[in-house]
Each structure stands twice: as structure tokens, then as C-alpha cells.
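If you want the building blocks of each chain, they are given just below.
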Amino acid sequence: GESVGLHLPTLSVQEGDNSIINCAYSNSASDYFIWYKQESGKGPQFIIDIRSNMDKRQGQRVTVLLNKTVKHLSLQIAATQPGDSAVYFCAEPRGTDKLIFGTGTRLQVFP
Amino acid sequence: DTAVSQTPKYLVTQMGNDKSIKCEQNLGHDTMYWYKQDSKKFLKIMFSYNNKELIINETVPNRFSPKSPDKAHLNLHINSLELGDSAVYFCASSPPTGGGETQYFGPGTRLLVL
């Protein structure tokens with residue numbers, strides 16, 4: 001079946017380094033993707049989104065890259081901080097009201 | 001000024017009991033959702049409601065019954081709780097832009113069935 005998935009379950013980075021979280025998708029017709037951040041004990045929060053007519057989108061310290069050829073997107077976090085420690089999900093709307101989440105990547109930031 | 005709120009935050013109960021989780025959003029959104037997150041952090045949609053009408057029911061057992069008294073509230077009632085129901089349940093809402101795109105999540109209700 002179609003899925004939105006992640007390559008790495010856990011990513012450990014040193015504070016100040018850049019982080020890259022990957023996501024693979026299987027539906028070539030997908031045209032919109034969202035990254036969510038879930039901190040411990042909280043609900044997922046929207047970080048950034050990207051439409052399929054774009055290859056790259058930048059936010060504050062975050063960049064999402066979309067490679068439609070290999071059906072892959074990534075979330076890059078610049079100068080990772082302790083507050084970035086969380087589980088990150090890529091998600092894809094399916095139909096009119098459904099959001100399909102990937103399996104999540106835990107980002108751990110150490111000093 | 002909480003956008004999406006849920007009560008209770010923690011719920012510990014015995015197998016076989018019936019329990020309810022409440023959700024309210026003050027964002028003026030038309031669509032609300034219930035998600036279940038298991039111990040491996042896998043997040044899966046259960047239900048969605050648009051303007052008090054059920055839109056999505058993701059093959060959830062009949063023991064789960066959502067109820068939307070108005071478009072700002074979506075409650076989840078669970079009958080005959082089972083051990084496998086232990087999870088974190090998230091309520092969410094989204095604006096009427098179509099596509100279930102940006103969703104705003106509540107803080108979650110941690111349910112533990114003993």
C-alpha cells in the first residue's frame with residue numbers, strides 16, 4: 001500500500017550542528033507535504049510545508065527539500081538547539097480530510 | 001487562549017470500563033479529528049468530523065463512538081476498554097480550506113488500561 005515513511009528512527013546531533021531528517025513517500029501523485037514537530041508530552045505542531053511545484057522551501061532555521069524523482073523529502077535544521085529535541089513527522093494529506101503521518105524520527109541534541 | 005484543549009490529560013482505568021475524552025477548539029474550525037498514537041509514536045487517524053458530521057471512520061472498532069454536539073467540540077467515548085486501547089489520543093482541528101492540510105493538535109490524553 002501507499003505510505004509515507006522515514007529512513008532513520010533516531011538521530012543524534014551535537015548542539016550547533018545541522019540536522020537532516022529524511023522521509024520517503026510512495027505515491028507519485030502526492031502534491032503536498034507537511035513537517036510536524038512533536039515535543040515530549042505535547043501534540044504535533046506544524047513546522048513547514050511544501051507543494052510539489054517547489055523543490056525547496058525555507059523557514060526560520062528550517063529548510064525542506066523535495067526530490068520528486070526519487071520521492072524523497074528532507075527537513076534540514078540549521079544550528080540545532082536543545083529545544084529542537086523532539087520527534088519529527090512528515091505527513092501527507094490524502095483525500096479531503098485525511099492526514100497520513102510517517103513513522104517519525106526522534107532527534108536528540110546533546111551538548 | 002488554548003486553541004485545542006482536551007480533558008483529561010491522563011486517564012488510568014480498568015479493562016472493561018467505559019470512558020470519555022473531551023475535546024474543544026476555539027479556532028472557529030469546521031473540521032475536527034481524533035488520532036491514536038501508539039507506544040512507537042505511530043500516529044493514525046481514527047475519525048474526522050466536519051460541521052458535526054462524520055467524514056472519516058478509519059475502521060475503528062464500534063466500541064469507539066465519537067460525538068460532536070457542535071462544531072467546536074468532538075468527544076470520544078470508548079466502551080468496554082481493552083488493554084490494546086492504551087495509547088495517547090490526540091484531538092485536532094483544521095480550517096475549512098479543504099485537504100485536511102494544516103491541522104492543529106491538542107496536548108493529548110494518555111490512556112492506560114490495566
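Here is a short report on the structure shown in this document. (Residues numbered from 1 in each chain as written. Chains lettered and ligands numbered in written order. Predicted model: local features only at pLDDT ≥ 70, side-chain atom pairs only at ≥ 80, totals over all residues. Heavy atoms only, no water.)

**Brief notes about the overall build of chain B**
Note the threshold: Runs of E in the DSSP output that reach at least two residues are strands. Runs of H or I that reach at least four are helices, and both are numbered from the N terminus. Only the C-alpha atoms count toward the radius of gyration. The rule for a globule is 2.2 Å times the residue count to the power 0.38. Three labels apply to residues, based on accessible area from a 1.4 Å probe with only protein chains included: buried if under 20% of the type maximum, exposed if over 50%, partly exposed otherwise in between. Two residues qualify as a contact provided that any one of their heavy atoms is within 4.5 Å of a heavy atom in the partner residue.
What chain B contains, in helices and strands, is 0 helices and 11 strands. Moving toward the C terminus, one meets the helices and strands of chain B in the order β-β-β-β-β-β-β-β-β-β-β. Rg of the C-alpha trace for chain B: 13 Å, near the compact-globule value of 13 Å for 114 residues, within the 12% margin. In terms of overall dimensions, chain B has C-alpha extents of about 40 × 30 × 25 Å along its principal axes. Buried residues in chain B amount to 47% of all 114 residues. Within chain B, contacts between residues at least 6 apart in sequence are counted, and of these 54% link residues at least 24 apart.

**A few points about the overall build of chain A**
Threshold: Positive charges come from Lys and Arg, negative ones from Asp and Glu, while His and the chain ends are left out of the count. Every charge is mapped to an atom, namely NZ of Lys, CZ of Arg, CG of Asp or CD of Glu.
For chain A, the helix and strand inventory stands at 0 helices and 11 strands. Going from N to C terminus, chain A has its helices and strands arranged as β-β-β-β-β-β-β-β-β-β-β. Relative to a compact globule of 111 residues, whose C-alpha radius of gyration would be 13 Å, chain A shows 13 Å and is just as compact. By its C-alpha atoms, chain A is 40 × 30 × 20 Å across when sized along the principal axes. Residues counted as buried form 45% of the 111 residues belonging to chain A. Long-range contacts, defined here as pairs at least 24 residues apart, represent 52% of the contacts in chain A between residues at least 6 apart. Counting 11 positive and 10 negative side-chain charges, chain A places the centres of these two groups 1 Å from one another.

**Re the pattern of salt bridges**
A side chain of one charge can pair with a side chain of the opposite charge when the charged atoms of the two come close. Defined as follows: Within this document, salt bridges are pairs made up of a side-chain nitrogen of Lys or Arg and a carboxyl oxygen of Asp or Glu, the two lying within 4 Å of each other.
Taken as a whole, this structure holds 9 salt bridges over all chains when the rule is applied. Glu39(A) serves as the salt-bridge partner of Lys42(A), at 4.0 Å between the closest nitrogen and oxygen. You can call Lys42(A) partly exposed: its relative accessible area is 42%. Using a relative accessible area of 24% as the deciding quantity, one classes Glu39(A) as partly exposed. A salt bridge links Arg61(A) to Asp84(A), with the shortest nitrogen-to-oxygen separation between them at 2.9 Å. Of the two residues, Arg61(A) is situated in the loop between strand S6 (56–58) and strand S7 (62–67) and Asp84(A) in the loop between strand S8 (72–77) and strand S9 (86–94); the sequence distance between them amounts to 23 residues. What makes Arg61(A) partly exposed here is its relative accessible area of 30%. It is possible to trace a salt-bridge network through shared partners that takes in Arg63(B), Glu82(B) and Asp85(B).

**Examining the interface of chain A and chain B**
How we decide: Two N or O atoms form a polar contact when they lie within 3.5 Å of each other; inside protein one atom must be a possible hydrogen donor and the other a possible acceptor, and for residues adjacent in sequence the pair counts only when both atoms belong to side chains. Any residue that is not Ala, Val, Leu, Ile, Met, Phe, Trp, Tyr, Cys, Pro, Asp, Glu, Lys or Arg is counted as polar, Gly included; the first ten are nonpolar and the last four charged.
Across the contact, 20 residues belong to chain A and 25 residues belong to chain B. Counting across the interface, chain A meets chain B through 0 salt bridges. Scanning the region where chain A abuts chain B turns up 3 residue pairs in polar contact (both at pLDDT 80 or more). Contributions of two or more residues to the side of chain A that touches chain B are made by strand S4 (32–38), strand S5 (45–51), S9 and strand S10 (98–101) of chain A. Of the residues assigned to the side of chain A that touches chain B, the class counts are 9 nonpolar, 6 polar and 5 charged.

**What about the sheet that holds strand S1 (residues 4–7) of chain B?**
In a beta sheet, neighbouring strands pair by backbone hydrogen bonds and run either parallel or antiparallel. Residues and elements named next belong to chain B. The condition is simple: In this scheme, strands are said to pair when DSSP sees at least two bridges between them. Axis definition: a line fitted to C-alpha atoms, over the contacting stretch in the case of helices. Angles run 0 to 180 degrees between N-to-C directions.
Here we have 4 strands laid out as an open sheet, ordered S1-S3-S8-S7, and antiparallel in their pairing. Across the chains shown, the open sheet's two edge strands, defined by having one partner strand only, are S1 and strand S7 (64–70). Sheet twist, expressed as the average angle between the axes of neighbouring strands with direction ignored, equals 20 degrees.

**Points about unusual backbone geometry**
Cis peptide bonds are those with omega within 30 degrees of zero, and the linkage from Thr7(B) to Pro8(B) qualifies with -5 degrees. Following the sequence through the fold, Pro8(B) ends up in the loop between S1 and strand S2 (10–13). For Arg61(A), which is not glycine, the phi torsion reads 65 degrees and is therefore positive. In the Ramachandran plot, Lys52(B) falls in the positive-phi region, its phi being about 75 degrees despite a non-glycine side chain. Tracing the backbone through its elements, the reader meets Lys52(B) in the loop between strand S5 (43–50) and strand S6 (53–57). Assessed through its relative accessible area of 45%, Lys52(B) is described here as partly exposed.

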